[in-house]
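Okay, here's what each chain looks like letter by letter:
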Amino acid sequence: MNHDSYDNSYIAGILHSVKSVAIVGASANDVRPSFFVTKYLIDKGYKVFPINPGHAGKEIEGAKVYASLADLPQPVDMVDIFRPSSAVPSITDEILAMDPLPKVVWMQLTVRDDASAARLEEKGIKVVMNRCPKIEYGRLSGEIGWNGVNSRVISSKKPVMRQGFQSFGIRQR
């Protein structure tokens, strides 16, 4: 697969089908991007499992933190990697040891490892690299356009306003 660009339908399909996410490198520090993404995905209705050995047993935004992917209490649909590219090969080994395997491995902005992507795709796992699910969700839902950011998505569809956090059709609660 070409990981230099992704069709909107590929990203939207992932964000719509995924229900549970393990975030490797999640931070309890509320000024870190991994904290923002963890909170955002929880607020959008995803079941989030933060992975951070230094905070294992504690909570981030009400979600129990685990030391490693092997410690997860249930299977997850997606693993979101918030670690440097140099850490991806060993995380890929952990992912490939999971049973069952996740459907998706997502590598955050600036994180890319083509060799690991090839290994994961050989096992039928979808891979996204150098992207942020929070940004992609906001872009595809039109939410990011509210701030004057060009989302590269044109729609005449009016958002459905609901109580609480908005999902704008990508996720149905």
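First, a word on what this report is: a plain description of the structure on this page. Model, not experiment: these values are computed from the prediction. (Residues numbered from 1 in each chain as written. Predicted model: local features only at pLDDT ≥ 70, side-chain atom pairs only at ≥ 80, totals over all residues. Heavy atoms only, no water.)

Further remarks concern the nonpolar core. Burial of nonpolar side chains together is a common tendency in soluble globular proteins. Leu69, Leu72, Val79 and Ile95 are the most contacted members of the largest nonpolar core, which has 48 residues in total. For Ile95, the contacting residues outside a window of four places in its chain are Leu69, Val79, Ile81, Leu101, Pro102, Val105, Leu120 and Ile125. (Core = buried A, V, L, I, M, F, W, Y, C linked by side-chain atoms within 4.5 Å. Buried < 20%, exposed > 50% of the residue type's maximum accessible area, 1.4 Å probe, protein only. Contact = heavy atoms within 4.5 Å.)

Moving on, we get to the packing of aromatic side chains. Two numbers describe a pair of aromatic rings. These are the distance of the centres and the angle of the planes. Applying the stated rule across the entire model yields three aromatic pairs. Judged by centre distance (5.7 Å) and plane angle (10°), the ring pair of Tyr6 and Tyr10 falls under stacked. On the basis of relative accessible area, Tyr10 is assigned to the buried category, the value being 16%. Measuring from ring centre to ring centre gives 6.2 Å for Phe49 and Tyr66, while their planes differ by 50°; the resulting arrangement is tilted. Of this pair, Phe49 sits in strand β2 (residues 47-51) while Tyr66 sits in the loop between β4 (63-64) and β5 (78-81), placing them 17 residues apart in sequence. The exposure classification of Phe49 matches that of Tyr66, with both residues buried. (Phe/Tyr/Trp six-rings, centres within 6.5 Å; stacked < 30°, edge-to-face > 60°. Helix = DSSP H or I, 4+ residues; strand = E, 2+ residues; numbered from the N terminus.)

Turning to the packing of helix α3 (residues 88-96) against helix α4 (residues 114-122), a few remarks are in order. At a minimum axis separation of 9 Å, α3 and α4 run at an interaxial angle of 10°. Classified by the angle between their axes, α3 and α4 sit roughly parallel to one another. Contacts from Val88, Pro89, Thr92, Asp93, Ile95 and Leu96 of α3 reach α4 at Ser116, Arg119 and Leu120. (Axes fitted to C-alpha atoms, helices over the stretch in contact; angles between N-to-C directions. Parallel < 35°, antiparallel > 145°, perpendicular 65-115°, else oblique.)

On to the side chain of Asn52, then. Tracing the chain through its elements places Asn52 in the loop between β2 and β3 (59-60). Assessed through its relative accessible area of 17%, Asn52 is described here as buried. In this structure the side chain of Asn52 is engaged in a polar contact, spanning 2.9 Å, whose partner is the backbone nitrogen of Gly54. (Polar contact = N/O pair within 3.5 Å; in protein donor to acceptor, adjacent residues only side chain to side chain.)

By definition, the strands of a sheet pair up through backbone hydrogen bonds, in either a parallel or an antiparallel sense. Spatial strand order, β2-β1-β5-β6-β7: five strands in an open sheet with parallel pairing. Both outer strands of the open sheet, β2 and β7 (126-128), are each paired with one neighbouring strand and no more. Within the sheet, the average angular offset between the axes of one strand and its neighbour, ignoring direction, is 15°. Here strand β1 (residues 20-24) runs beside β5; their pairing, made up of four bridges, is parallel. Residue Ile23 lies in a different strand from β5, and its bridge partner there is Asp80. The sheet contacts of helix α1 (residues 8-17) involve β5, β6 (104-107) and β7, and relative to β7 the element is tilted by about 110°. (Pairing = 2+ DSSP bridges.)

It is worth spelling out the pattern of salt bridges at this point. Scanning the entire structure with this criterion turns up eight salt bridges. In this structure, Lys103 and Asp77 form a salt bridge, with 3.8 Å as the shortest nitrogen-oxygen distance. Residue Lys103 is located in the loop between α3 and β6, and its partner Asp77 is located in the loop between β4 and β5; the two are separated by 26 residues in the primary sequence. According to the relative accessible area criterion, Asp77 is buried, its value standing at 16%. A network of salt bridges, in which partner residues are shared, links Asp4, Arg112 and Asp114. (Salt bridge = Lys/Arg side-chain N within 4 Å of Asp/Glu carboxyl O.)

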